[in-house]
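Spelled out from the first residue to the last, the chains are:
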Amino acid sequence: MTDRITLTGLRARGHHGVYDFERRDGQDFVVDVVLELDLGPASRSDDVADTVHYGELADALVAIITGDPVDLIETLADRLLTACLADARVGRATVTVHKPQAPIAHEFANVSVTMTRGRTA
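These numbers were taken from a predicted model, which means no experiment stands behind them.

Parameters at a glance
Residues numbered from 1 in each chain as written. Predicted model: local features only at pLDDT ≥ 70, side-chain atom pairs only at ≥ 80, totals over all residues. Heavy atoms only, no water. Salt bridge = Lys/Arg side-chain N within 4 Å of Asp/Glu carboxyl O. Helix = DSSP H or I, 4+ residues; strand = E, 2+ residues; numbered from the N terminus. Buried < 20%, exposed > 50% of the residue type's maximum accessible area, 1.4 Å probe, protein only. Pairing = 2+ DSSP bridges. Expected span 1.5 Å × (residues − 1). Contact = heavy atoms within 4.5 Å. Phe/Tyr/Trp six-rings, centres within 6.5 Å; stacked < 30°, edge-to-face > 60°. Polar contact = N/O pair within 3.5 Å; in protein donor to acceptor, adjacent residues only side chain to side chain. Axes fitted to C-alpha atoms, helices over the stretch in contact; angles between N-to-C directions. Parallel < 35°, antiparallel > 145°, perpendicular 65-115°, else oblique. Left-handed = near helix turned anticlockwise from the far one by under 90°. Nonpolar A, V, L, I, M, F, W, Y, C, P; charged D, E, K, R; others polar.

1. Remarks on the pattern of salt bridges
- Using the criterion set out here, one finds six salt bridges in the structure.
- A salt bridge links R11 to D28, with the nearest nitrogen and oxygen atoms 3.9 Å apart. Of this pair, R11 sits in strand β1 (residues 4-14) while D28 is found in strand β2 (residues 27-37), placing the two residues 17 residues apart along the sequence.
- One network of salt bridges, with partners in common, ties together R11, R13 and D28.

Structure follows, in C-alpha cells:
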C-alpha cells in the first residue's frame, strides 16, 4: 500500500512510567502515527466516511494516553497500535511514542519507541 495518513505531534499528559513519581505527577507524551490504507475510495467520493477520520482517531489515541497507566512506553505503543488497526481499512500502522521528559540523569532531546504492525489474516 502506498497511501498514508500521517498524524504527528499529538500531545497528551499521561501517568506512565516505572517510577512512583511518574505515575503520581504525570508527564507529556507525544505520538506520531502513520496509517497505510487505500485512500482511493475517499479521493473519489470526497466523503469522510470513506476514510479514517483522523480527528476521531486522535480522540481515541488521547484517551489511551490519558487512560490506565503502564510501566513501559512499549506497552503504550502497542495499545495505540491496536487502536490504529481497529479500522479494518488500515492495512499497516506505525506508532512512535516520544517521552521527552523521561527520567534520565543526562541532558537529552527525546526518547522514543517506534512499533509497526500489519493486519493479520
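Continuing now.
2. Here we look at the pairing of β2
- Of all the 11 residues making up β2, nine are buried; the element is thus mostly covered by neighbouring parts of the structure.
- Two strands pair when backbone bridges link them, and β1 and β2 are joined in this way by nine bridges, in the antiparallel orientation. Pairing of I5 across the sheet is with L35, part of β2.

3. Let's talk about helix α3 (residues 54-65)
- Compared with the 16 Å implied by 1.5 Å per residue over 12 residues, the 16 Å span of α3 between its first and last C-alpha is a close match.
- Against β1, β2 and α4 (73-84) lie the buried residues of α3.

4. Re the packing of aromatic side chains
- Summed over all chains, the structure comprises one aromatic pair.
- Between Y19 and F21 the ring centres are 5.6 Å apart and the planes differ by 10°, which places this aromatic pair in the stacked class.
- Residue classification places Y19 among the partly exposed residues on the basis of a relative accessible area of 44%.

5. Quick look at the side chain of K99
- With respect to the secondary-structure elements, K99 resides in the loop between β3 (90-98) and β4 (112-118).
- For K99, a relative accessible area of 9% gives the class buried.
- A polar atom in the side chain of K99 sits 2.7 Å from the side chain of E22.

6. Observations concerning the packing of α3 against α4
- Where α3 meets α4, the closest approach of the two axes is 10 Å, and the angle between their N-to-C directions is 155°. Taken as axis vectors, α3 and α4 run roughly antiparallel relative to one another. Seen from above, α3 lies across α4 with right-handed handedness. Facing α3, whose interface residues are L57, L61, I64 and I65, α4 presents L76, R79, L80, A83 and C84.
- In the contact of α3 with α4, the residues fall into eight nonpolar, no polar and one charged.

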